Structure formats: C-alpha cells, structure tokens
Amino acid sequence: MAKPRLVYDDDCGFCTWCAAVGQRLGDVTAVGFASLSPDQKARLPDGWRDSAHLLTDDAVYSGGAAVQGVLVRMSVVFVALFWLLEKVPGYDRLRERLYRWGADHRDWWGKIVSRDAL
C-alpha cells in the first residue's frame, strides 16, 4: 500500500507550506501540481487545479476532505475530533465552505506563514 499523496498547488507559498507540514507530521507524500504523473492527473476530478487533493490507493478526496484526510494522518487527536464532527449534520458542507474561504485567501495566509517556520 502506497503512502497517500497530497496534491497541492506548488506555485502557492501557503499551499507549499501546508504540504510541507502535512508531509513532515503526517503519513503522506506531498506532490506539487507540476510534478504530477499522467496516472495521478487522470485520477483527479475536473477543475483539479482549484483545490488540494488526497490520493489514496482506492479513493480521491478533494478540498476540505483532503485536508481532513491529512490531519487524521497527523494525530490521533484529529481522528477523534473528526469522528465527532462527522456526526454533526451539515458538517461536510461547513468543512468545504471553510476550505474554500481559506483557499480564496491564501495570499493573505501566505504572508503569515513562512517556509522557514518549518
């Protein structure tokens, strides 16, 4: 079984920082858009450049679901937290709205984080 692949926008400083943190602390391998293999690209949904994705052996998670997938691979605390959140009606929609808000403001987030912070 291969490590899940976190697919991210490697032209975005914030995205690159997040991918580095996910790879360092989680059980994932980060793959920038520019480094995707043809097979990996074929698995991604239409409009794949609009969000991050998590490729596992048997599934593709996008947007907030991808971030959640990385976080649960970082700590058992996140496993428990997301297990509880999944029980809340409407959580999936809220997760995706929050992801989109964060993605739409990634230039601002990029000013806060730094690759040197790793």
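The sections below set out a description of the structure shown in this document. Predicted, not measured: the structure shown is a model, and the values here were computed from it.

Thresholds applied
Within each chain, residue numbers correspond to sequence positions counted from 1 in written order. A pLDDT threshold of at least 70 governs which residues receive local features in this predicted model, and a stricter bar of 80 or more applies before side-chain atom pairs are shown or counted, although totals over entire chains, interfaces and linings include all residues. Note: side-chain values were computed over all heavy atoms of the structure, leaving out hydrogens and water. Where helices and strands are cited, they refer to DSSP runs of H or I of at least four residues and of E of at least two residues respectively, numbered from the N terminus. Here the globule rule reads 2.2 Å times residues to the power 0.38, and the radius of gyration is calculated from C-alpha atoms. Here the accessible surface of atoms and residues is derived via Shrake-Rupley with a 1.4 Å probe, and residues count as covered only by protein chains that are part of the display. Asp and Glu are treated as the negative residues and Lys and Arg as the positive ones, with His and the ends of the chain left uncounted. Every charge is mapped onto a representative atom, which is NZ of Lys, CZ of Arg, CG of Asp or CD of Glu. Think of it this way: DSSP has to see at least two bridges between two strands before they count as a pair. Convention adopted: a line fitted to C-alpha atoms gives each axis, helices being fitted over their contacting stretch, and angles between N-to-C directions are expressed from 0 to 180 degrees. A contact between two residues is defined here by any heavy atoms of the two lying within 4.5 Å. With its strands directed away from the observer, a crossover is right-handed exactly when the path from the first strand over the helix to the second travels clockwise. For classification purposes, an angle smaller than 35 degrees is called roughly parallel, one larger than 145 roughly antiparallel, one from 65 to 115 roughly perpendicular, and anything else oblique. Amino acids outside the nonpolar list (Ala, Val, Leu, Ile, Met, Phe, Trp, Tyr, Cys, Pro) and the charged list (Asp, Glu, Lys, Arg) are all regarded as polar, and Gly is one of them. In what follows, salt bridge is the name for a side-chain nitrogen of Lys or Arg lying within 4 Å of a carboxyl oxygen of Asp or Glu. The term nonpolar core refers to a set of buried residues drawn from Ala, Val, Leu, Ile, Met, Phe, Trp, Tyr and Cys, joined through side-chain atoms within 4.5 Å. When a residue's accessible area, from a 1.4 Å probe over protein chains only, is under 20% of the maximum for its type it is buried; when over 50% it is exposed; and in between it is partly exposed.

**Structural notes on the overall build of the chain**
Of the regular secondary structure elements, the chain holds six helices and four strands. The order of helices and strands in the chain, counted from the N terminus, is β-α-β-α-β-β-α-α-α-α. Over its C-alpha atoms the chain spans a radius of gyration of 14 Å, differing by no more than 12% from the 13 Å that the globule rule assigns to 118 residues. With respect to the principal axes defined by its C-alpha atoms, the chain has extents near 35 × 35 × 25 Å. Per element, the accessible surface of the chain, about 7,500 Å² overall, is 56% carbon and sulfur. Here the chain carries 15 positive and 15 negative side-chain charges, and the mean point of each set is 3 Å from the other.

**Observations regarding the sheet that holds strand E1 (residues 5–8)**
Pairing in this open sheet of four strands is mixed, and the strands run E2-E1-E3-E4 from one edge to the other. Of all the strands in the sheet, just strand E2 (29–32) and strand E4 (60–62) have a single pairing partner and so form its edges. Taken pair by pair, the neighbouring strands of this sheet meet at an average axis angle of 25°, ignoring direction. The strands that helix H1 (residues 13–25) touches are E1 and E2; relative to E1, the one it contacts most, it runs at about 170°. Strands E1, strand E3 (53–55) and E4 of the sheet are contacted by helix H3 (residues 64–72), whose axis makes an angle of about 110° with E4.

**Section: the pairing of E1**
Here E1 runs beside E2; their pairing, made up of four bridges, is parallel. Bridging across to E2, Val7 finds its partner in Val31. Following the backbone out of E1, through H1 and into the adjacent parallel E2, one traces a crossover that is right-handed. One ladder, built from three bridges, connects E1 with E3; its direction is antiparallel. The residue bridging Leu6 from the neighbouring strand is Leu54, located in E3.

**Section: the packing of H3 against helix H5 (residues 91–104)**
For the pair H3 and H5, the least separation of the axes is 8 Å and the interaxial angle reads 95°. As summarised for this structure, H3 and H5 are arranged roughly perpendicular, according to the angle between their axes. In this structure, H3 contributes Gly64, Ala65, Val67 and Gln68 to the contact, and H5 contributes Tyr91, Arg95, Glu96 and Tyr99. A class-by-class count of the residues in the contact of H3 with H5 yields four nonpolar, two polar and two charged.

**Thoughts on the pattern of salt bridges**
With the rule as written, the count across this model stands at six salt bridges. The partner of Asp9 in a salt bridge is Arg106, with the nearest N and O atoms 3.1 Å apart. Residue Asp9 is found in the loop between E1 and H1, and its partner Arg106 is found in helix H6 (residues 106–112); the two are separated by 97 residues along the sequence.

**Focus on the nonpolar core**
Judged by nonpolar contacts, the single largest core of 14 residues is most densely connected at Leu6, Val28, Leu54 and Val70. Taken together, the elements giving at least two residues each to this core come down to E1, H1, H3 and H5. It is H1 that contributes the most residues to this core, three residues altogether. Core analysis: the next-biggest nonpolar cluster, separate from the first, contains seven residues, Val31, Leu36, Trp48 and Leu55 among them.

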